[in-house]
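Residue-level listing of the chains:
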Amino acid sequence: MCRHLGYLGRPTALHDLLLAPPHSLSTQAYAPRHQEHGLVNVDGFGAGWYVPGRTPPVRYRRAVPIWSDQSFASLAPTIESRCVVAAVRSATPGFPSDESGAAPFTHDRWLFSHNGALADFRLAHKVFRDSASWVTDALAPMDSALLFGLAVAHWEAGASLGAGLAQVVHDISAHGGGGRLNLLASDGERLAATTSGDSLFTCTDSGSVLLASEPCDTRSDWHHVPPSSLVEADDDGLRIMPL
């Protein structure tokens, strides 16, 4: 339903991460290669990144295809960050395609993206709607926002970045009807992601790591993550474990 990407490593320009690669997020918006649900991702996009001396991330998102935003194309070469989360969106049928539905969602120090769809949004909303009602981005009328609110509730309760995402998958699977729950998040120091119903790949290179729905270039360092996995990455390396 979407394509997303997380980066952690040496400071790199947004242009080099999101626009320049031969199969960048910009290309994946209209020609994804590993997408099993939906054909294109043209219902908006977003990028979030961290800057030194500021705890909350900076976020830019629009309700237009990424390739059509000339302002972002102009800004992207001038912005560098060591930690980035970005996504292009294919709106789930029945949900609005305005800017509020474009990932990444943000609260405090966290960035969050969801690639997939809830099997039963009404059930999940009924069960979990009050979990993080104070989180502004969680109030958007779509399944991804609800999942973000649930993740924030777990993080605020003390869960680590990866454990919070894993608990969201378990919560929804047990009480919210299930669905495709490929989640991606960052707190500025680490990345975490789940594979639950869609593809995820990792690439490590010279102290940097990429987590992405599909490879964005032709390097041989890309590896497919098994289904039902939790991925965690920080300055100490990359870890993959069963959900």
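Criteria and cut-off values
- Residues numbered from 1 in each chain as written.
- Predicted model: local features only at pLDDT ≥ 70, side-chain atom pairs only at ≥ 80, totals over all residues.
- Heavy atoms only, no water.
- Helix = DSSP H or I, 4+ residues; strand = E, 2+ residues; numbered from the N terminus.
- Rg over C-alpha atoms; globule rule 2.2 N^0.38 Å.
- Buried < 20%, exposed > 50% of the residue type's maximum accessible area, 1.4 Å probe, protein only.
- Pairing = 2+ DSSP bridges.
- Axes fitted to C-alpha atoms, helices over the stretch in contact; angles between N-to-C directions.
- Contact = heavy atoms within 4.5 Å.
- Expected span 1.5 Å × (residues − 1).
- Patch = residues over 30% accessible without salt bridge, like charges linked within 9 Å, V, L, I, M, F, W, Y side chains within 5 Å.
- Areas by Shrake-Rupley, 256 points an atom, 1.4 Å probe, with all protein chains shown as cover.
- Salt bridge = Lys/Arg side-chain N within 4 Å of Asp/Glu carboxyl O.
- Polar contact = N/O pair within 3.5 Å; in protein donor to acceptor, adjacent residues only side chain to side chain.
- Disulfide = S-S within 2.5 Å.

Peer 1: Hey, could you run me through the overall build of the protein chain in this one?
Peer 2: Helix and strand counts for the protein chain come out as 6 helices and 13 strands. Whereas a compact globule of 243 residues would reach a radius of gyration of roughly 18 Å, the protein chain reaches 16 Å, a difference of no more than 12%. A principal-axis box enclosing the C-alpha atoms of the protein chain has dimensions of 45 × 35 × 35 Å. Expressed as a percentage of its 243 residues, the buried residues of the protein chain come to 57%.

Peer 1: Could you clarify how one ought to interpret the sheet that holds strand β5 (residues 105-107) in this entry?
Peer 2: Strand pairing in a sheet relies on backbone hydrogen bonds, with the paired strands running either antiparallel or parallel. Read from one edge to the other, the open sheet built from 6 strands follows the order β5-β6-β7-β8-β12-β13, with strand pairing classed as antiparallel. Only two strands of the sheet have a single partner each, and these edge strands are β5 and β13 (237-242). The mean inter-strand angle of the sheet, taken between neighbouring strand axes irrespective of direction, is 20°. Strand direction decides the pairing type here: strand β12 (residues 229-234) and β13, joined by 6 bridges, are antiparallel. Within β13, the position partnered with A233 by the bridge is L238. In the packing of helix α5 (residues 143-156) onto the sheet, the strands contacted are β5, β6 (110-118) and β7 (179-186), and the crossing angle to β6 comes to about 135°.

Peer 1: What am I meant to see in helix α6 (residues 161-175) here?
Peer 2: Residues spaced three or four apart along an α-helix face the same direction, because each turn holds 3.6 residues. Its 15 residues place the ends of α6 21 Å apart at the C-alpha level, agreeing with the 21 Å of an ideal helix rising 1.5 Å per residue. Within the span of α6, buried status applies to L161, G162, G164, L165, A166, V168, V169, D171 and I172. At its buried positions, α6 is contacted by β6, α4 (121-128), α5, β7, β8 (191-195) and β12. G177 sits one or two residues past α6 and shows a positive phi near 90°.

Peer 1: Would you mind going over a nonpolar patch on the surface with me for this structure?
Peer 2: Together, Y30, L39, V40 and W67 give the surface a local cluster of nonpolar side chains, amounting to about 440 Å² of exposed area. Topologically, W67 is positioned in the loop between β3 (58-62) and α3 (70-75). The partly exposed category is assigned to W67, whose relative accessible area is 39%.

Peer 1: I tried to follow the environment of D69 on my own but got confused; where do I start?
Peer 2: For D69, the location among the structural elements is in the loop between β3 and α3. In this structure the C-alpha to C-alpha distance between D69 and F95, which are 26 residues apart in sequence, comes to 22 Å. Sequence-distant contacts of D69, that is, excluding residues within four places in its chain, are made with F45, Y60, R62 and V64. Polar side-chain contacts of D69 include one of 3.0 Å to the side chain of R62. Of the polar contacts made by the side chain of D69, one reaches the backbone nitrogen of F72; its length is 3.0 Å.

Peer 1: What's the story with the pattern of salt bridges in this structure? I'm lost.
Peer 2: Going through the model one piece at a time under the given rule, you end up with 11 salt bridges. In this structure, R3 engages D198 in a salt bridge whose closest nitrogen and oxygen atoms are separated by 3.1 Å. In this pair, R3 is assigned in strand β1 (residues 2-13) and D198 in the loop between β8 and β9 (201-205), connecting sequence segments 195 residues apart. An identical accessibility class is assigned to R3 and D198; each is buried. A salt bridge links E214 to R3, with the shortest nitrogen-to-oxygen separation between them at 2.7 Å. Placement of E214 in the loop between β10 (208-212) and β11 (222-224) and of R3 in strand β1 is noted, with a sequence separation of 211 residues between them. Here E214 and R3 have matching classes, each one buried. Counted as one network, the salt bridges with shared partners bring together R3, D198 and E214.

Peer 1: Please explain α5 as it appears in this structure.
Peer 2: Between its terminal C-alpha atoms α5 stretches 20 Å, which fits the 20 Å expected from 14 residues at 1.5 Å a residue. α5 sits mainly inside the fold: 13 of its 14 residues count as buried. Trailing α5 by a residue or two, G158 shows a phi angle of about 110°, which is positive.

Peer 1: Would you explain the state of the cysteines in this entry?
Peer 2: Structurally, a disulfide amounts to a covalent bond that connects the sulfur atoms of two cysteines. If you walk through the whole model with that rule in mind, you get 0 disulfides. Here C216 is not cross-linked by a disulfide; its sulfur's nearest cysteine counterpart is in C203, at 7.4 Å. Residue C216 is classed as buried on the basis of its relative accessible area, which comes to 3%.

Peer 1: Please explain the environment of C2 as it appears in this structure.
Peer 2: Mapped onto the elements of the fold, C2 is located in strand β1. Once residues lying within four places of it in the same chain are set aside, the contact partners of C2 are Q35, N41, V88, R89, S90, H114, N115 and S213.

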